[in-house]
Every structure is written in C-alpha cells, then in structure tokens.
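# Fold and geometry: a report
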Amino acid sequence: MSFLWHEACSATLSQPRSIKNRPTRKPFVNTLLGVCTMVLFLAIVLPSVVAAQDPLPSWREGISKTAVTEFVVRVTTSGSPDFVPEPERIAVFDNDGTLWVEQPLYAPVAFLLYRVKALAPSHPEWKEKEPFKTILENDTKTLAPVLRRYWVELLVATQTGMTTEQFNDIVKDWIAAARHPRFDRPYTDLAYQPMLEVLKYLREKGFKTYIVSGGGLEFMRPWTEKLYGIPPEQVIGTSVKTKFEMRDGKWSIFRLPEIDFINDRGGKPVSIQKFIGKRPLIAFGNSDGDMQMLQWTTSGPGRRLGLIIHHTDPEREYAYDRESDVGRLDKALDKAEHWNWIVVDMRNDWSRIFTFDK
C-alpha cells in the first residue's frame, strides 16, 4: 500500500508544467494532489510546531509535567480565579541536586577540598592537624563525618582572608577547570536539562527565578547567570561576614574569617523573607534541607506549588534518598503527600537528564 501511495503521489506531483501541453486534470487527480501536499506538509512541519508549543520537551507526559504547566497557566492567565500579578510571581530553587548534580560530593565541597590542597604547602602544620589531615591523606572512609564536624572551620580557613574580587577569580578558575569524577565533564555541563526548561518557561511567563541554596553565596554568583539565566542579585546562599576597607590602595570588600549566615533548613525561609520580601508561588527542592522552604512556600494563601526532585536513575545519574550522606531525602519525602508536594521521579518523569543525553 505504501508503495502504491508513493507512486500515485509521485505521478501526480510530476505532471508537465507546460500549460499548452498539460492535459486537463480529472477531479480525482486534483484531490489526490491536495491530499499528498497536505500529508507532506504535516510530516515536515507539524513535529516542529508541536515541539515549539511544548515548553518542557524533556519531561515525559504525566502528573509532574502537568502539575507545572497547569499551575503556570492558572496563575498567569488573566481572568483566571487563580491569577497572580506579575510582580508577585516568585519561584525559588535549591541548587545542588535540584538544578545540577550533587553526587558523589556537593560541588561546593569539591571546591573546598581543592582549596585545602592548594593552600597546604603554605600550612605544613595541616599534615598533622584535623580536619586537614584526613583531607590531605584522601581518607574517604572518614571524610563525611569530618566534613560535617569541621565544615565551618574549613570554610573559614580556605575561603576568607581575601577580597571578594580575589575570591571571585578563584571560583571562576576552578569552575572552568574542575571535572566531575564520574562524568568527566565540567560541573556546568551537569545542569539538568528539564530544570533549565522550567527556568526558561517560568521567566517567559513573568516569573522571577531565585536560587536559595545552602552552598556558598559567592561560590555560586560567578557562574549562575551564564548557566541558569539567574543573575547574581537573585542568588541566596551561605555567607561569610565582610568588611568595606582600603586594601592595596583601593577600596575593597574583604571576606572576614567568620560565618555570617548558614542558608539551610529553617534558614531558607528566613533568607527568602530577608532578601526577597515575598512568599514564593513555586519552590523546587530535593532534600530534607529544602523542606522548610517548601513548607513556607506552600502554606501561603491562594494556589501554590511545591516539587521535590527524587533521584531514582542510577544509569543516567544517581539513585539515593533516605540513607544518603549527600542530599538525604527522608522527612520531606514522608511529608510530601500531606503537603500536596509533587515528587518528580527522575527516571520516569524525565526523558532526558543532561543536555548531552541522546
């Protein structure tokens, strides 16, 4: 049948162009020509039209994708009972494990370990002093508890005592050179394609997108705009105290050896209020560290949306939740149904995880 259809279309489309010699077409031939032309048009044009209309092409059809698109339509359509004016359209996103890979180590932790080793030649005493000794010996068995216990001390020792401009340059150099241990790609290649689509879609619909992360504020700011389209002023994270002072003949912002604010768990709603001043309409997270941010977002008046990225794909990325030392998802997973949060199943809901995926 397909062969006969091809022959009929070919014969019809190859009629002589000369008006003088062209025989009068019968109604059947004209109809067949029209049908063939329409089929050809649909085969070539329709797929691209459908793709252009789908704001989330890397999301498989299902509850998660529908929850995002239907919510956005409801709050952005004039005349809808759930319509929200554009200045109130705020969406917040955790970073590690929500917008890009966080296993086997958070990128800020990988950066911290790099800084310890880079500074070690100037600190020979670190060879015998914890927590530096464990890091320098690459003792992976005890690394996790050491990092938890000495996190603040390590942060102060490796990321303060310099100007913000100097630290900015250090971060830029690291993010350009560092490679992920499993994928052997720059960390900036490991942003989740479905989440990049969400960010773009929301901004097209008048949302202002913010990062609210436990990672270092000044660690994220040098690269978030290029990667996510989120400018530095819309990044909220853990910070150290700073001081405005004269350094080397010019005024600078100096990073002091003291923590200012840890932006995790209950600190996230506090920082949202402090730096944004509005309760978000949408919150994306992936771990127990994001639970309070989701609670704050979805407990507000009117229609709200909370989503949890559940890592369930060991082949394309990683699978982990309740027992993981990195990105543990336990209590928030238990509370998801009660709070009507959408749990995004990475393996089943995302047809593509990274931009480089086939």
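Per the secondary structure count, the protein chain includes 14 helices and 8 strands. For the protein chain, the proportion of its 358 residues judged to be buried stands at 46%. When the accessible surface of the protein chain is summed, it comes to about 19,000 Å², and 55% of that surface belongs to carbon and sulfur atoms.

Our focus in this paragraph is the sheet that holds strand S3 (residues 208–216). Reading across the sheet, the 8 strands line up as S2-S5-S4-S3-S1-S6-S7-S8 and stay open at both edges, with mixed pairing between neighbours. The sheet is open, and its two borders are formed by strand S2 (162–163) and strand S8 (342–345), each paired with just one other strand. Bridge count between strand S4 (residues 235–247) and strand S5 (residues 250–261): 8 bridges; the pairing is antiparallel. Across the sheet, the residue bridging to Glu245 is Ser252, located in S5.

The next subject is the pattern of salt bridges. Inspection of every chain in the model, using the stated rule, returns 20 salt bridges. Here Arg322 makes a salt bridge to Asp330, at a shortest N to O gap of 2.6 Å. A relative accessible area of 26% means that Asp330 is categorised as partly exposed. Linking Asp334 and Arg322 is a salt bridge whose minimum nitrogen-to-oxygen distance equals 2.9 Å. Taken together, the residues Asp334 in helix H13 (residues 331–339) and Arg322 in the loop between strand S7 (305–310) and H13 connect sequence positions 12 residues apart. One continuous salt-bridge network, built from bridges that share partners, spans Asp54, Glu61 and Lys65.

Looking now at the pairing of S8. Along any regular strand, the residues point their side chains to alternate faces of the sheet. Alternating residues of S8 divide into Ile342 and Val344, all buried, and Val343 and Asp345, none buried. Summarising the sheet, S7 and S8 pair through 4 bridges and their orientation is parallel. Bridging from a neighbouring strand, His310 pairs with Asp345 of S8. Handedness of the crossover joining S7 and S8 through H13: right-handed.

Quick look at the nonpolar core now. Within the largest apolar cluster, 57 residues are counted, with the highest numbers of intra-cluster contacts made by Tyr228, Ile282 and Phe284. Among all residues touching Tyr228, those that are not within four sequence positions of it are Asn95, Leu99, Trp100, Ala191, Leu196, Leu199, Arg203, Ile211 and Trp223.

Before going further, it helps to spend a moment on the packing of helix H4 (residues 107–119) against helix H6 (residues 140–159). Between H4 and H6, whose axes approach to 10 Å, the crossing angle comes to 65°. Judged by the twist between their axes, the crossing of H4 over H6 is left-handed. Touching Pro108, Val109, Phe111, Leu112, Leu113, Arg115, Val116 and Leu119 of H4 are Leu143, Leu147, Trp151, Leu154, Leu155, Ala157, Thr158 and Gln159, all from H6.

Pairing of S3 with S4, which is carried by 3 bridges, proceeds in the parallel orientation. Directly across from Val212, in S4, lies its bridge partner Ile236. Between S4 and S5, which pair antiparallel one after the other, the connecting turn spans 2 residues, and Asp248 there sits at a positive phi close to 55°.

Along the chain, Gln103 connects to Pro104 via a cis peptide bond; the corresponding omega equals -5°. Inspection of the secondary structure puts Pro104 in the loop between strand S1 (90–93) and H4. With omega at 10°, the peptide bond leading from Glu130 into Pro131 counts as cis. Backbone geometry places Asn138, a non-glycine residue, at a positive phi of 55°.

As a further point, take the packing of aromatic side chains. The final tally for this structure, using the stated rule, is 20 aromatic pairs. Judged by centre distance (5.2 Å) and plane angle (40°), the rings of Phe111 and Phe219 are tilted. In this pair, Phe111 is assigned in helix H4 and Phe219 in helix H9 (residues 217–220), connecting sequence segments 108 residues apart. On the basis of relative accessible area, Phe111 is assigned to the buried category, the value being 1%. Looking at Phe219, the relative accessible area reads 3%, which means it is buried. In this structure an aromatic cluster arises from ring pairing among Trp100, Phe111, Tyr114, Phe167, Trp174, Tyr187, Phe219, Trp223 and Tyr228.

Two elements in contact, helix H12 (residues 291–298) and H13, have axes whose closest approach is 10 Å; the angle formed by their N-to-C orientations is 15°. When the interaxial angle is binned, H12 and H13 end up roughly parallel. Here the hand of the crossing between H12 and H13 comes out left-handed. Seen from H12, the contacting residues are Met291, Gln295 and Thr298; seen from H13, they are Lys331, Ala332, Lys335 and Trp339. Residues that form the contact of H12 with H13 fall into these classes: 3 nonpolar, 2 polar and 2 charged.

A separate point is the environment of Asp260. Turning to its location among the elements, Asp260 is positioned in strand S5. Distance in space between the C-alpha atoms of Asp260 and Lys241 is 4.8 Å, their sequence separation being 19 residues. The residues touching Asp260, leaving out its near neighbours within four places in the chain, are Ser239, Val240 and Lys241.

So, how was this worked out
Residues numbered from 1 in each chain as written. Predicted model: local features only at pLDDT ≥ 70, side-chain atom pairs only at ≥ 80, totals over all residues. Heavy atoms only, no water. Helix = DSSP H or I, 4+ residues; strand = E, 2+ residues; numbered from the N terminus. Buried < 20%, exposed > 50% of the residue type's maximum accessible area, 1.4 Å probe, protein only. Areas by Shrake-Rupley, 256 points an atom, 1.4 Å probe, with all protein chains shown as cover. Pairing = 2+ DSSP bridges. Salt bridge = Lys/Arg side-chain N within 4 Å of Asp/Glu carboxyl O. Right-handed = clockwise from strand over helix to strand, strands pointing away. Core = buried A, V, L, I, M, F, W, Y, C linked by side-chain atoms within 4.5 Å. Contact = heavy atoms within 4.5 Å. Axes fitted to C-alpha atoms, helices over the stretch in contact; angles between N-to-C directions. Left-handed = near helix turned anticlockwise from the far one by under 90°. Phe/Tyr/Trp six-rings, centres within 6.5 Å; stacked < 30°, edge-to-face > 60°. Parallel < 35°, antiparallel > 145°, perpendicular 65-115°, else oblique. Nonpolar A, V, L, I, M, F, W, Y, C, P; charged D, E, K, R; others polar.

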